[in-house]
Amino acid sequence: MNAELGPDLTSDPLGWAHPPWTRAEAQVIHDLPFNDLLFRAQTIHRENFDPNRVQLSRLLSIKTGGCPEDCGYCSQSAHHQSGLKASKLMEVQRVIAEARKARDAGATRYCMGAAWRSPKERDMDAVVAMVEGVKALGMETCMTLGMLDLGQAQRLKQAGLDYYNHNIDTSERYYAEVISTRTFTERLDTLANVRDSGMKVCCGGIVGMGEEKADRIDMLVTLANLPEPPDSVPINMLIPIEGTPLGQADPIEPIEFVRTIALARIMMPKSHVRLSAGRTAMSDEMQALCFFAGANSIFVGDTLLTAENPGEDKDSALFRRLGIKPFAREAL
């Protein structure tokens, strides 16, 4: 390791003999001069992806509100006074119809989220039918339903679910400051069940929740050191929501956010790094820096579960300015 430049990441472009990563090693990279960090991240990005393609996903809330978890950032928690009303699980055909519209608008992956601690057996038939219906449209499928046991994960895999999202949210150290109803270990257990079923893991976290820089680095170290790094790594910038414990949280500094994206790209070179929640608060220039730092996936559409998201017209205009195109469906 060069004390100034960090580990030599050019000798083995396919993986550089990682993981395991240490926080000290990751922090050296995180703290590089900004231009050096971005150069390294973009170099790694080009070795693994087309630098001018971004994968488009659409996210639909199939069951909103009333969640028994107390995640401090979430408007859907029954513990918080966010004003959000709970809804029942959507009808299967309505979900498939929404997925068809998303596909026709250019999305290649369809993500479905339910505000549950874990799915109940009575809901599994409908959830399986949603997966099968969306899969039949030729789209990649993703769900986030809370905790899964191995049997549930296997059933979803058999239905054709490609990805399961279950974020670790933050570092193990800071986790209890945000959530008390589910442990960090329980999140890792669900990820293990997803991997063991043969599904791909979608797992990332949220920054700007009052955590320290070390927590953001530790979160990425945890992800990169999983038995297999997640195929998709969503990096969310907190959207402070009135009525939640984090409703008054101070925003993360933009350059620090870009550093987090770059470090994720360097540590997980073959993963799709998704620029997720919080884009409405980002300038075009900040998003452009994130793409240069290695982000190559976004959610499209006007809403993200219950939060605002840039509209498709705005995303299309930004892509034209940057010369970015969506991933082709046949490349999936």
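Preceding block: the structure.
Here is what the cut-offs are and how they apply
Residues numbered from 1 in each chain as written. Predicted model: local features only at pLDDT ≥ 70, side-chain atom pairs only at ≥ 80, totals over all residues. Heavy atoms only, no water. Phe/Tyr/Trp six-rings, centres within 6.5 Å; stacked < 30°, edge-to-face > 60°. Helix = DSSP H or I, 4+ residues; strand = E, 2+ residues; numbered from the N terminus. Buried < 20%, exposed > 50% of the residue type's maximum accessible area, 1.4 Å probe, protein only. Lys NZ or Arg CZ within 6 Å of the ring centre and 35° of its normal. Pairing = 2+ DSSP bridges. Disulfide = S-S within 2.5 Å. Expected span 1.5 Å × (residues − 1). Arc of directions from axis to C-beta. Contact = heavy atoms within 4.5 Å.

Colleague: Could you give an account of the packing of aromatic side chains, naming the residues involved and the relevant values?
Modeller: On inspection of all chains with the given rule, the structure shows two aromatic pairs. Relative to Phe 319, the ring of Phe 291 has its centre 6.0 Å away and its plane inclined at 80 degrees; by these criteria the two rings are edge-to-face. One end of the pair, Phe 291, is in helix H10 (residues 284-292); the other, Phe 319, is in helix H11 (residues 312-322), with 28 residues separating them in the sequence. The same class applies to Phe 291 and to Phe 319, which are both buried. Lying over the aromatic face of Tyr 163, Arg 109 brings its terminal NZ or CZ to 3.7 Å of the ring centre. If you follow Arg 274 out to its NZ or CZ, it ends over the ring of Phe 299, 4.7 Å from the centre.

Colleague: Mind laying out the pairing of strand E1 (residues 53-63), listing which residues take part and the relevant values?
Modeller: Counting buried residues in E1 gives ten out of eleven residues, a clear majority hidden from the surface. Examined bridge by bridge, E1 and strand E12 (residues 325-326) share two bridges and lie parallel to one another. Looking across to E12, one finds that Arg 53 is bridged to Lys 325. Summarising the sheet, E1 and strand E9 (residues 297-300) pair through four bridges and their orientation is parallel. Note that in E9 the partner of Ser 57 across the bridge is Phe 299. As paired elements, E1 and strand E2 (residues 109-114) share six bridges and run parallel to each other.

Colleague: A description of the state of the cysteines should follow, citing residues and the corresponding values.
Modeller: Counted by the stated rule, this structure contains zero disulfides. With no disulfide of its own, Cys 74 lies closest to Cys 71 among cysteine sulfurs, the gap being 6.1 Å. Looking at Cys 142, it has no disulfide partner, and the nearest cysteine sulfur is the one in Cys 111, 4.0 Å off. The exposure class of Cys 142 is buried, given its relative accessible area of 2%.

Colleague: Before we move on, could you go through helix H3 (residues 92-104) and cite the residues and values that matter?
Modeller: Taking 1.5 Å of rise per residue, the 13 residues of H3 would be expected to cover 18 Å, and the 19 Å separating its terminal C-alpha atoms lies within 8% of that figure. Listed as buried for H3 are Val 92, Val 95, Ile 96, Ala 99 and Ala 102. Take H3 and look down its axis: the buried residues cluster within an arc of 115 degrees, on one side only. Those residues of H3 that are exposed and aimed more than 90 degrees away from the buried face are Gln 93, Arg 94, Lys 101 and Asp 104. Looking at the buried positions of H3, the neighbouring elements they touch are E1, E2 and helix H4 (121-135). Once H3 finishes, Gly 106 follows within two positions and takes phi at roughly 115 degrees, a positive value.

Colleague: I'd love a proper account of helix H2 (residues 34-48), names of residues and values included.
Modeller: Its 15 residues give H2 an end-to-end C-alpha distance of 21 Å, which sits within 8% of 21 Å, the value for a rise of 1.5 Å per residue. Where H2 is concerned, the buried positions are Phe 34, Leu 37, Leu 38, Arg 40, Ala 41, Gln 42, Ile 44, His 45 and Asn 48. Those residues of H2 hidden inside the fold are in contact with helix H1 (23-30), helix H9 (254-267) and H10.

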